[in-house]
Amino acid sequence: MRDYAFQLLFVWYPYVCLTVFLLGSLVRFDREQYTWRASSSQILRKRQLRWGSNLFHFGILFLLLGHAVGLLTPTSLYTLVITVEQKQLIAVAAGGIAGVACFIGLTMLLHRRLFDIRIRRTSSAMDIAILALLWIQLCLGLLTLPLSLAHSDGSVMLVLSHWAQGIVTLNPVDARTLQTLPWPYLTHLVLGMTIFLVFPFSRLVHIWSAPVWYVGRRGYQVVRTRRATPSRQPAE
């Protein structure tokens, strides 16, 4: 029964989540473009939003990039530069800093979402649920930091990276290799995949529309002129 549960959660479930994540986002963009927005509540209350939003977005983007690079970079590639132990230490230090920043920002955002009566009334159940899921996921991630320090040889990190690379390359590893991991890691994995599952049904879809192309776009300025323009004569 235990083997079947791990096979279900860590071999089949990831592909279900990834399929819903990609196809659901595409269908929503095609059929419900007017719901494709961040639904900012800044107009209702600016307090806590500036600090909370900036800390959250800095932390979450850093963590997403760090997880992608850390889990998907082949061991044979990064060991040309650093050792497995050094990578583990860098991941714990950088992830800890970004995680704390993200935790502070997300807590501020969740607090104003729950306890400001106007924002609460304009929030959907999914708005609150996705913030709560992210908050729990972040707490689980921070909880794994001391466990990672206890395994300074990087053995746990190797198990996780091999699992993630197997999923991406459509060559999943034996799910029984994850059975030795402590529960915070396993819960962190399952909840992380669940966030991908609910992604297309939440405001998180605005990530796809991040205006990154603004960075390289040439600026322009609208200039008004005082010169009189000749009036057009009506055609005869």
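Keep in mind that this is a model prediction, so the values were computed, not measured.

J.: What is the right way to read the overall build of the chain from this model?
T.: Assigned secondary structure in the chain consists of eight helices and zero strands. For the chain, the succession of helices and strands along the chain, N to C, is α-α-α-α-α-α-α-α. Burial statistics for the chain: of 236 residues in total, 35% are counted as buried. Summing over all exposed atoms, the chain offers an accessible surface of approximately 16,000 Å²; the carbon and sulfur share of this is 67%.

J.: When you look at the side chain of D116 in this model, what are you seeing that I'm missing?
T.: Tracing the backbone through its elements, the reader meets D116 in the loop between α4 (84–115) and α5 (117–121). A polar atom in the side chain of D116 sits 3.1 Å from the backbone nitrogen of R118.

J.: Just checking my understanding: could you explain unusual backbone geometry for this structure?
T.: A positive phi angle, near 60°, is found at L170, a position not held by glycine. Its location among the elements puts L170 in the loop between α7 (155–168) and α8 (183–198). Under the relative-accessibility criterion, L170 is labelled exposed at 66%.

J.: In this structure, what is going on with the packing of aromatic side chains? I would like to understand it.
T.: Two descriptors summarise a pair of aromatic rings, namely the distance from one centre to the other and the angle between the planes of the rings. A complete count under the given rule lists nine aromatic pairs for this structure. With a centroid separation of 4.8 Å and 70° between ring planes, the pair formed by F21 and F199 is classed as edge-to-face. With F21 in helix α1 (residues 2–31) and F199 in the segment after α8, this residue pair connects regions lying 178 residues apart in the sequence. The same class applies to F21 as to F199, namely buried.

J.: Even after reading the chapter, I still don't get the environment of L197, so can you show me in this structure?
T.: With respect to the secondary-structure elements, L197 resides in helix α8. Among the residues examined, L197 registers a relative accessible area of 22% and is labelled partly exposed. L197 sits 177 residues away from V20 along the chain, and the two C-alpha atoms are 5.9 Å apart. When neighbours within four sequence positions are excluded, L197 is seen to be in contact with Y13, V16, C17 and V20.

Calculation rules
- Residues numbered from 1 in each chain as written.
- Predicted model: local features only at pLDDT ≥ 70, side-chain atom pairs only at ≥ 80, totals over all residues.
- Heavy atoms only, no water.
- Helix = DSSP H or I, 4+ residues; strand = E, 2+ residues; numbered from the N terminus.
- Buried < 20%, exposed > 50% of the residue type's maximum accessible area, 1.4 Å probe, protein only.
- Areas by Shrake-Rupley, 256 points an atom, 1.4 Å probe, with all protein chains shown as cover.
- Polar contact = N/O pair within 3.5 Å; in protein donor to acceptor, adjacent residues only side chain to side chain.
- Phe/Tyr/Trp six-rings, centres within 6.5 Å; stacked < 30°, edge-to-face > 60°.
- Contact = heavy atoms within 4.5 Å.

Just geometry here; none of it tells us what the structure is for.
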